[in-house]
Structures are given as structure tokens and as C-alpha cells.
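Now for the letters of each chain:
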Amino acid sequence: MLRAAFASLLSITPLAAQDPLFRGSLGISGGSYRFDSDLPGFDERANAGLFQVEFEAAAANGYGGGFRFENFTSDADDGLFRVAGDPLDRGTRASGSTFQAHFTYLIRQHRFEMPLRAGLMLNGLVLEDQGEPDPETAYGSFGPFAEIEPEITLSHYGTTTWSVYGLFGFGVTGTDIEVDGDPRDYRSDSGFLNVEVGTRVAFGHVELGLALFGRYQSMDASSVEDGQFLYGFDGGYEGVLLTAGVRF
């Protein structure tokens with residue numbers, strides 16, 4: 001029994017004696033961004049769009065690395081926290097970017113593969129009041145993250161492959177906050193969560209993907225500076241992600 005279990009573990013190997021992996025893709029998403037402050041009355045959702053760039057490579061032994069860049073912006077005509085009676089219907093625009101650089105360890109067995117990723121993430125979120133004088137609150141976060149992305153091939157015919165995948169990742173960061181017109185520097189901590197469930201179809205080296213997509217941030221209340229602090233919040237982008245790329 002022990003021998004069978006040991007043999008089973010040995011069969012789940014990284015890319016030993018197999019081809020290296022190179023994957024790059026571009027993605028676009030339509031969805032919404034929600035900002036839920038701990039301050040009562042500041043809980044709203046606005047339409048938003050997102051752009052994504054990804055690259056990952058792994059050698060024949062399964063070790064490699066990559067990066068991911070994402071940028072989202074909420075709709076300027078559908079702002080958060082719009083003021084009743086404003087003839088221009090102005091509100092607050094949310095925009096943000098995330099850059100993640102990581103090491104990869106790729107596990108592959110027959111129709112199953114799963115990258116294990118660990119690295120560092122840099123995230124920026126800006127809330128910009130569309131009224132005058134156009135003040136901003138900027139949140140900058142930096143820290144480690146980890147991620148897994150299991151993928152199962154359901155069908156393989158000739159050069160065409162169909163698979164389904166799921167992605168789950170989390171990060172823990174420190175967060176610095178700057179408010180226009182306020183000379184104080186506020187600090188806090190944030191947790192990040194990445195979630196995807198989707199499918200991919202590859203035609204030779206060309207790969208297309210479709211996924212339900214979520215990116216979430218939860219920030220604690222800030223440090224107290226000269227008797228003043230900033231409320232914590234839960235924020236998140238949710239949408240449908242379309243990707244197109246190449247895989248070798």
C-alpha cells in the first residue's frame with residue numbers, strides 16, 4: 001500500500017522530460033466596481049472596465065516565473081457617491097492598477113496542470129472626486145502574494161484543446177494613504193483576493209479564454225495621525241474576462 005502511494009506521488013511531477021511552457025495573453029473585461037466604506041452611507045457600485053496583460057514561462061523541470069498587470073477604471077458617467085441635485089450628475093471615479101511578479105512551480109500530469117505561484121504585488125487605488133476642485137484619495141499597497149491555478153483538459157482533438165480552470169490567490173500588504181489637501185501620512189494593512197473560474201480553447205498555439213473574474217481588497221482603518229484617521233473599506237472589481245494569447 002505504501003509502495004502504491006509513493007508511486008502515485010512520483011507520478012505527479014513537474015515538467016520533467018516534457019516541453020517547457022511559455023504563455024502570454026491580453027485580456028479585457030466589462031463589469032463593475034464596488035466600494036463599501038466602514039463609514040455609513042458610502043457603499044456603492046459603478047460600471048467599470050479592466051485591461052490585463054499576463055506572461056508566464058516554466059522550464060522543463062517545472063521552475064519558472066512570470067508577471068501580471070491589470071488596470072481598471074470605473075465609468076465617468078456612472079460615478080460612485082453622486083450628489084443629489086448636481087446638474088452634472090458628477091460623483092467619484094475609481095481607478096486602480098495591480099502588478100504582480102512571481103516565481104512559478106508547475107505541476108503537470110496527463111490532462112491536469114497546476115501552477116503554484118509566489119511573489120510580490122504592487123497595487124494602487126485612486127478615488128477621484130469629479131467635482132471641483134477635483135480632490136483625490138490614493139491608496140498604495142505592497143506585499144507578498146501566493147496563488148494556485150488548477151486546469152483540467154476536457155477534450156483534445158488534433159491541435160484543438162478545451163480545458164476548464166480555476167484560480168485562487170491571496171496577498172497581505174501594508175497600505176499608505178494620501179489625501180489631497182491633508183499633509184498627514186496615513187498607514188494601514190490590506191488583504192487581497194483573486195478569484196477566477198473559466199474555460200480555455202487552444203487552436204494550435206493560439207489560446208482563447210472566457211472567465212468569471214473577481215479582484216478584491218479589504219483595508220483596515222488607518223493609523224491615527226494628529227487625532228485623525230481614515231475609515232477602512234472593502235472594495236472589489238467583478239466582471240467577465242475575455243483573453244486571447246499564445247501558448248507554446
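The structure reproduced in this document is the subject of the present report. (Residues numbered from 1 in each chain as written. Predicted model: local features only at pLDDT ≥ 70, side-chain atom pairs only at ≥ 80, totals over all residues. Heavy atoms only, no water.)

Some words on the nonpolar core
It is characteristic of soluble globular proteins that their nonpolar side chains tend to be buried jointly.
For step 1, the next point in the chain: Ranked by size, the top nonpolar core spans 19 residues in total, and within it Tyr33, Phe35, Phe72, Tyr139, Phe233 and Tyr237 carry the most contacts.
For step 2, the next point in the chain: Looking at this core, the elements that each hand over two or more residues are β2 (21-37), β3 (43-58), β6 (112-129), β11 (206-219) and β12 (233-247).
For step 3, the next point in the chain: When near neighbours in sequence (up to four residues on either side) are disregarded, Phe72 contacts Tyr33, Ala48, Gly49, Leu50, Ala94, Ser95, Gly96, Leu125 and Tyr237. (Core = buried A, V, L, I, M, F, W, Y, C linked by side-chain atoms within 4.5 Å. Buried < 20%, exposed > 50% of the residue type's maximum accessible area, 1.4 Å probe, protein only. Helix = DSSP H or I, 4+ residues; strand = E, 2+ residues; numbered from the N terminus. Contact = heavy atoms within 4.5 Å.)

Quick word on the packing of aromatic side chains
For any pair of aromatic rings, geometry is given as the distance between the ring centres together with the angle between the planes.
For step 1, the next point in the chain: Tallying each qualifying case throughout the model produces nine aromatic pairs.
For step 2, the next point in the chain: Between the aromatic rings of Tyr139 and Phe233, the centroid separation amounts to 5.1 Å while the plane-to-plane angle is 65 degrees, which identifies the pairing as edge-to-face. Note that Tyr139 is positioned in strand β7 (residues 136-148) and Phe233 in strand β12, a separation of 94 residues in sequence.
For step 3, the next point in the chain: Among the residues examined, Tyr139 registers a relative accessible area of 9% and is labelled buried.
For step 4, the next point in the chain: Judged by its relative accessible area of 1%, Phe233 is buried.
For step 5, the next point in the chain: A network of ring pairs unites the aromatic residues Tyr33, Phe72, Phe213 and Tyr237 as a single cluster.
For step 6, the next point in the chain: Taking NZ or CZ as reference, Arg200 lies 3.8 Å from the ring centre of Tyr165, over its face. (Phe/Tyr/Trp six-rings, centres within 6.5 Å; stacked < 30°, edge-to-face > 60°. Lys NZ or Arg CZ within 6 Å of the ring centre and 35° of its normal.)

Any link to function would need more than the numbers given here.
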